[in-house]
Structures are given as C-alpha cells and as structure tokens.
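Listed below, chain by chain, are the residues.
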Amino acid sequence: MDELGSTGQSRSLSPLSDSDCRKTPGSPGRPGNKTQRSCAGTMANSSGPDKVTFLVEGSRLSVETALLGSQPETMLGKMFSTSCVEGRLTRPNEDGDYTLKGISLDVFRCVLEYYKTNQMYCPPHVSIRDLREACDYLLLPFDEHVVRCNDFCALLHELSNDGAKKLFEAYVVELLLPVMVECAKRGDRECHIVVLCEDDVVEWDAEYPPPTGEEYYEVIRSTKLYRFFKYVENRDVAKDVLRERSLKKIRLGIEGYPTHMEKLRRRPNSDRTEVVYNYVQRPFVHCGWEVEEARSRHVDFQCVKPKPGLTPDPEAAYLLAGDLAAEQPEAE
C-alpha cells in the first residue's frame, strides 16, 4: 500500500504524484495531447495481482489486495477476494483502475484507514454524515469503537439514529401492530393512535363527551413510547421505519388530548351548552394501509347535457339565483 512518509503521525494513503503519470505529446500520425497509459498499466503490471488501483475524484490510490482481504465481510473485501477476481466479477476501466463515484477522496482515505488499523479518524473538514453513508455503502461498521472524531455532536446523532431505529422496530411489533390489527378486523383501513403516559388519568363525562371526536382514536398507554416520540428526530426515524413497512398516510406529531371535563358553559340567550375539557399534549401516530386509495377518493359526478338549440341566458340565471336567495329563511 502506497503511504506517506514515515512520521510520528498516523499515515494515510496518498494519490500518485504528477511525475508518476506524465502526458506525452502526440507523435506524427497520431492525435496529440493524449495521456500515456503507462501509469495505470505500469501499476497493474508491476504490482500484479498484489495491488489494486482506485480512481477517486481524479486521484489514484494503490492498495494491497491482501489488506482488503483482511476484512472479508466488507464490500471491498468481497470484491477483491480470490474468487471474485478470478470470476471477473469486478472489472477495471480501460486504464486498469477501479473508479469509485459518490465518495470523496478524503472520505475514502478514512475508509482505507479501517483496513489498516480497524479504526477511522474523521478529520474536522470531513462530514460525519458523508463518512456514515460511505460506511453503509461499503458495508463497514460504524460505531464508537471504529470512528474517531472531534465532532461528538454529529457522531452521537448518527448513533442515536441507529438506536432509535432498532428501538422503534421493536415498538412497532410490540405496541403498534396489535392496535392496527384490531382496526383492520373492524374493517377500517387506517388508524389514529394516541400515546398516553401510564399515569395519565382520563375521565370523560358520559353526558358531555369531548366534542372533537376523540372517542374514535385508539389509545396506547406507554411511557417509554411517549418519551421516544418526544424528540423530533426520533419521529423522523419512525416515519422511515413505517414507510419501509409499506404503510401510507403516515403522520406523526404532538396534539392535545382531553383528559377530564373542567366546566360547562352556557351562552347568554341560548340553550346551547359548551363543554370545556382539560387537554394534555401527547404524541400521535396516524397511518393507513388502503391498497386502492385513489379509487376511494374518486367521485363520479353526472353531468346533464343541455338540450340542443338552447342557449343559456346569463341574465335569467342571475335573476333565478336572486329569487332562490330571497326564499331562504334568515338564520336566527
């Protein structure tokens, strides 16, 4: 593996210098300014199967295949194993290089450090998010034992996303799915679930229930799920998990839920009674599983064709609309 000079600091892979790959002017009878292919050819031939060259953002990095094979569970380790190379499952370009797209040079240097030291140091100018995406793509582990960086906030954010996804996947099976099944057995194709704390007290008046239809909501009493939904970023992770399970009409948020009636209020000069309830802010989950939801939204309006020879009169229509409005009784 081509490395920088041996200093006291940790070494990383470096691209080939300009002297290793020069441009030669065109000879008579041949087009000029063509790059001489001695660079990749020399590297591929002199190093043989012991080294492989990657082309990342225009820079070439030469790596020992044995080093990549030391981590056979990773993508690069699988790509350049003996069976894959002999079976030509991985093929270089015309210069003998393997081109990597979508990964920056700095991120790829961090990735190659893992094959050497089982750790990746992320410098300040490299995004933790970019390194995480590269690790997911190349099948590399991403945890506190492997990644070393100074940006603790970004690192902990990625670890929290991993933990939140695993935790919510368990919550879906344990808490949410049984409620969805009960709704499905009733013939419903969507459900609205409110998550209450285990110590929340709900006392609705039988004669004066809440006026906004909360009696049709499904309720889950789970303090741990309530604490999970308290964070906006956890709700974003939960949406991704529900989408992976092909659910539709997904909405997550915080809304008021009535707990008990506070007072009755009567308007003056009216027999109408208003009910005032106490509300607490609790998370909710709304999702659906209707397969042909577009057909449910379709309404077929029948249009009456006018008789031939009749021309609509705008003035007559205006007078007719005024007569109909006059016949309507005034609202009390």
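Note that the structure is predicted; figures quoted are calculated from it, not measured.

What counts, and where the lines are drawn
- Residues numbered from 1 in each chain as written.
- Predicted model: local features only at pLDDT ≥ 70, side-chain atom pairs only at ≥ 80, totals over all residues.
- Heavy atoms only, no water.
- Pairing = 2+ DSSP bridges.
- Helix = DSSP H or I, 4+ residues; strand = E, 2+ residues; numbered from the N terminus.
- Axes fitted to C-alpha atoms, helices over the stretch in contact; angles between N-to-C directions.
- Contact = heavy atoms within 4.5 Å.
- Buried < 20%, exposed > 50% of the residue type's maximum accessible area, 1.4 Å probe, protein only.
- Arc of directions from axis to C-beta.
- Polar contact = N/O pair within 3.5 Å; in protein donor to acceptor, adjacent residues only side chain to side chain.
- Salt bridge = Lys/Arg side-chain N within 4 Å of Asp/Glu carboxyl O.

Undergrad: Explain the sheet that holds strand E5 (residues 98–100) to me, please; I cannot follow it from the model alone.
TA: Picture the strands of a sheet paired through backbone hydrogen bonds; they go either parallel or antiparallel. Pairing in this open sheet of 3 strands is mixed, and the strands run E4-E3-E5 from one edge to the other. Only two strands of the sheet have a single partner each, and these edge strands are strand E4 (59–64) and E5. Ignoring strand direction, the axes of neighbouring strands in this sheet form an average angle of 30 degrees. Two strands pair when backbone bridges link them, and strand E3 (residues 51–56) and E4 are joined in this way by 6 bridges, in the antiparallel orientation. Among the inter-strand pairings, Phe54 is bridged to a residue of E4, identified as Leu61. Along the sheet, helix H5 (residues 105–117) contacts E3, E4 and E5; its crossing angle with E4, the most-contacted strand, is approximately 5 degrees.

Undergrad: Can you walk me through the side chain of Glu218 in this structure?
TA: Relative to the helices and strands, Glu218 resides in strand E9 (residues 218–221). If we ignore the near neighbours within four places in the chain, the residues touching Glu218 are Val179, Cys183, Arg186, His192, Ile193 and Val194.

Undergrad: So what exactly am I meant to see when it comes to helix H6 (residues 128–137) here?
TA: In an α-helix, one full turn covers 3.6 residues, which means residues spaced three or four apart are oriented alike. Three or more residues of H6 are buried, namely Ile128, Leu131, Arg132, Ala134 and Cys135. The buried residues of H6 occupy an angular sector of 165 degrees when the element is viewed end-on, so they sit on one face. Of the surrounding elements, those touching the buried residues of H6 are H5, strand E6 (120–122), strand E7 (147–149) and helix H7 (152–185). Measuring from the backbone nitrogen of Arg129 back to the side-chain oxygen at the start of H6 gives 3.2 Å, which picks out Ser127 as the cap.

Undergrad: Honestly, the pairing of E3 in this entry has me stumped. Any pointers?
TA: In summary, the side chains of a regular strand alternate between the two faces of the sheet. Among the 6 residues of E3, 5 are classified as buried, and the element is accordingly described as predominantly covered. Following E3, the chain reverses through 2 residues before pairing antiparallel with E4; Glu57 in that reversal takes a positive phi of roughly 50 degrees. In this structure, E3 lies alongside E5, joined through 3 bridges in parallel fashion. Across the sheet, the residue bridging to Phe54 is Tyr98, located in E5.

Undergrad: Just checking my understanding: could you explain the sheet that holds E9 for this structure?
TA: With mixed pairing, the 4 strands of this open sheet are ordered in space as E9-E8-E11-E10. The open sheet is flanked by E9 and strand E10 (248–266), the only strands paired with a single partner. Between one strand axis and the next, the sheet turns by 40 degrees as a mean value, whatever way the strands run. Here strand E8 (residues 190–196) runs beside strand E11 (residues 273–288); their pairing, made up of 5 bridges, is antiparallel. Across the sheet, Ile193 pairs through a bridge with Val285, a residue of E11. Running over the sheet, H7 touches E8, E9 and E11 and is turned about 155 degrees from E9. Against the sheet, helix H9 (residues 232–244) touches E10 and E11, its axis set at about 120 degrees to E10.

Undergrad: What is the right way to look at the pattern of salt bridges in this model?
TA: Opposite charge on two side chains permits them to pair, given that their charged atoms come into close proximity. Counting across every chain of the model gives 16 salt bridges. Across the pair Arg132 and Glu158 runs a salt bridge whose closest N-O atoms are separated by 3.7 Å. Of the two residues, Arg132 is situated in helix H6 and Glu158 in helix H7; the sequence distance between them amounts to 26 residues. The residues Arg132 and Glu158 share a single accessibility class, namely buried. A salt bridge links Glu174 to Lys224, with the nearest nitrogen and oxygen atoms 3.4 Å apart. Of this pair, Glu174 sits in helix H7 while Lys224 sits in helix H8 (residues 223–228); the two residues are 50 residues apart in sequence, bridging distant segments of the chain. On the basis of relative accessible area, Lys224 is assigned to the partly exposed category, the value being 38%. In this structure, a network of salt bridges that share partners links the residues Arg129, Arg132, Glu133, Asp136, Glu158 and Asp162.

Remember that the coordinates give geometry; whether it matters functionally is a separate question.
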